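# A closer look at the structure
Listed below, chain by chain, are the residues.
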Amino acid sequence: MSTSKGKKLSGMQKQVLSLYRGFLRAARSKPTEDRRQIESIVSAEFQRNSKQVDRKNFLYIEYLLRRGKKQLDQLKSPDTMGLSAFNVSSSKKQNAKT
Amino acid sequence: MALRSAVLRYIRVPVQTLTATESKPQPQWSLRASLRLFSSHDVHLTKEEVIDRVLDVVKSFPKVDPSQVTPNVHFQKDLGLDSLDNVEIVMALEEEFKLEIPDKEADKIDACNLAIEYIYNHPMAG
């Protein structure tokens, strides 16, 4: 694992985990099927970033944290039913809007 | 409510069909269920019960190999999980024991024994 957290978590690592926890808590308040979907998308995204993003790339991580917080706020709103993700491939034909 | 069920349980005991051998009917309630007369909420969980339930939660985690799970096992060092999985396990424990664990404490729980200690010492664990 490229991001093995040592014994003591750095401030940034704590923020990441706190955000992750926030998403999982928000998911609990949604209906079961939506909750499963949210958990699977969020988990995949965090896992992917943990492997692909350089631990020292503070600027990018901070950007991801800010973006994540905004998405979490939206998710917490009772109007939001769930998340979906779509792949934006290089071929413009495949852009699907959800 | 606990009083009512405790009284009902107590009342049920004498109703035993006598077997052909004249053995005196023994009260059959399981000793594991702690005696709960006159308590307004459940008496605290036994350490054994906490250990069993914590291990069950950890064993049921999809990324975990159940045969590796012992009460002293470290989530990341022994079970090969990462810190995100750690968060998920602690949240699963929250749901099992009906607790809400603050971030500061949750960050410290990275092994089975710490989880067991924390839950056992928590007054609201249920």
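Each value, and the rule that gives it
- Residues numbered from 1 in each chain as written.
- Chains lettered and ligands numbered in written order.
- Predicted model: local features only at pLDDT ≥ 70, side-chain atom pairs only at ≥ 80, totals over all residues.
- Heavy atoms only, no water.
- Helix = DSSP H or I, 4+ residues; strand = E, 2+ residues; numbered from the N terminus.
- Contact = heavy atoms within 4.5 Å.
- Areas by Shrake-Rupley, 256 points an atom, 1.4 Å probe, with all protein chains shown as cover.
- UniProt positions renumbered as here; feature names shortened; annotations may be inferred.
- Phe/Tyr/Trp six-rings, centres within 6.5 Å; stacked < 30°, edge-to-face > 60°.
- Buried < 20%, exposed > 50% of the residue type's maximum accessible area, 1.4 Å probe, protein only.
- Polar contact = N/O pair within 3.5 Å; in protein donor to acceptor, adjacent residues only side chain to side chain.
- Buried area = accessible area lost by both parts, 1.4 Å probe.
- Salt bridge = Lys/Arg side-chain N within 4 Å of Asp/Glu carboxyl O.
- Nonpolar A, V, L, I, M, F, W, Y, C, P; charged D, E, K, R; others polar.

### Overview of the overall build of chain A
- Along its length, chain A carries three helices and zero strands.
- Listing every helix and strand of chain A by position from the N terminus yields α-α-α.
- Taking the contacts inside chain A whose residues are at least 6 apart along the sequence as the reference set, 63% of them involve residues at least 24 apart.
- Put simply, chain A shows about 7000 Å² of open surface, and 53% of that area lies on carbon and sulfur atoms.

### Structural notes on the UniProt feature "domain: Complex 1 LYR protein" (unreviewed entry) in chain A
- As annotated by UniProt and renumbered to match this structure, "domain: Complex 1 LYR protein" (unreviewed entry) occupies residues 14-74 of chain A.
- Taken end to end, residues 14-74 of chain A has its terminal C-alpha atoms 22 Å apart, with 87% of it in helix and 0% in strand.

### Structural notes on unusual backbone geometry
- We note that B:Lys98 has phi near 55°; this positive angle belongs to a residue other than glycine.
- If you trace the backbone, B:Lys98 turns up in the loop between helix H3 (83-97) and helix H4 (103-106).

### Points about the packing of aromatic side chains
Residues and elements named next belong to chain A.
- Under the counting rule described, the total for this entry stands at three aromatic pairs over all chains.
- Summarising the aromatic geometry, the rings of Phe-23 and Phe-46 are spaced 6.2 Å apart at their centres and angled 70° between planes, so their arrangement reads as edge-to-face. In this pair, Phe-23 sits in helix H1 (residues 11-28) while Phe-46 sits in helix H2 (residues 32-52), placing the two residues 23 residues apart along the sequence. Judged on exposure class, the residue Phe-23 and its partner Phe-46 are both buried.
- Three or more aromatic residues joined by ring pairs form one cluster here, namely Tyr-20, Phe-23 and Phe-46.

### Comments concerning the environment of B:Lys59
Residues and elements named next belong to chain B.
- Following the sequence through the fold, Lys-59 ends up in helix H2 (residues 47-59).
- Residue classification places Lys-59 among the partly exposed residues on the basis of a relative accessible area of 34%.
- In this structure, the C-alpha to C-alpha distance between Lys-59 and Thr-70, residues 11 residues apart in sequence, is 9.5 Å.
- If sequence neighbours within four positions are ignored, Lys-59 has contacts with Val-64, Pro-66 and Val-69.

### Let's talk about the side chain of B:Glu94
- Topologically, B:Glu94 is positioned in helix H3.
- At a separation of 3.0 Å, a polar atom in the side chain of B:Glu94 contacts the side chain of A:Arg28.
- Among residues more than four places away in sequence, those in contact with B:Glu94 are A:Arg25, A:Arg28, B:Leu99, B:Glu100 and B:Ile101.

### Brief notes about the interface of chain A and chain B
- Counting residues at the interface gives 16 residues for chain A and 18 residues for chain B.
- Both sides of the chain A and chain B interface together cover about 1600 Å² of buried area, and 49% of this is carbon and sulfur.
- It is A:Arg21, A:Arg25 and A:Arg28 that lose the most area in chain A upon contact with chain B, and together they represent 36% of the buried surface on that side.
- The tally of links from chain A across to chain B stands at seven salt bridges.
- Among the ionic pairs, B:Glu100 bridges to A:Arg25, the shortest N-O distance being 3.8 Å.
- The interface formed by chain A and chain B holds 11 residue pairs in polar contact (both at pLDDT 80 or more) in total.
- Listed by contribution, the elements that provide at least two residues to the side of chain A that touches chain B are H1 and H2 of chain A.
- If you tally residues by element for the side of chain A that touches chain B, the top one is H1(A), at eight residues.
- Its residues placed into classes, the side of chain A that touches chain B shows six nonpolar, three polar and seven charged.

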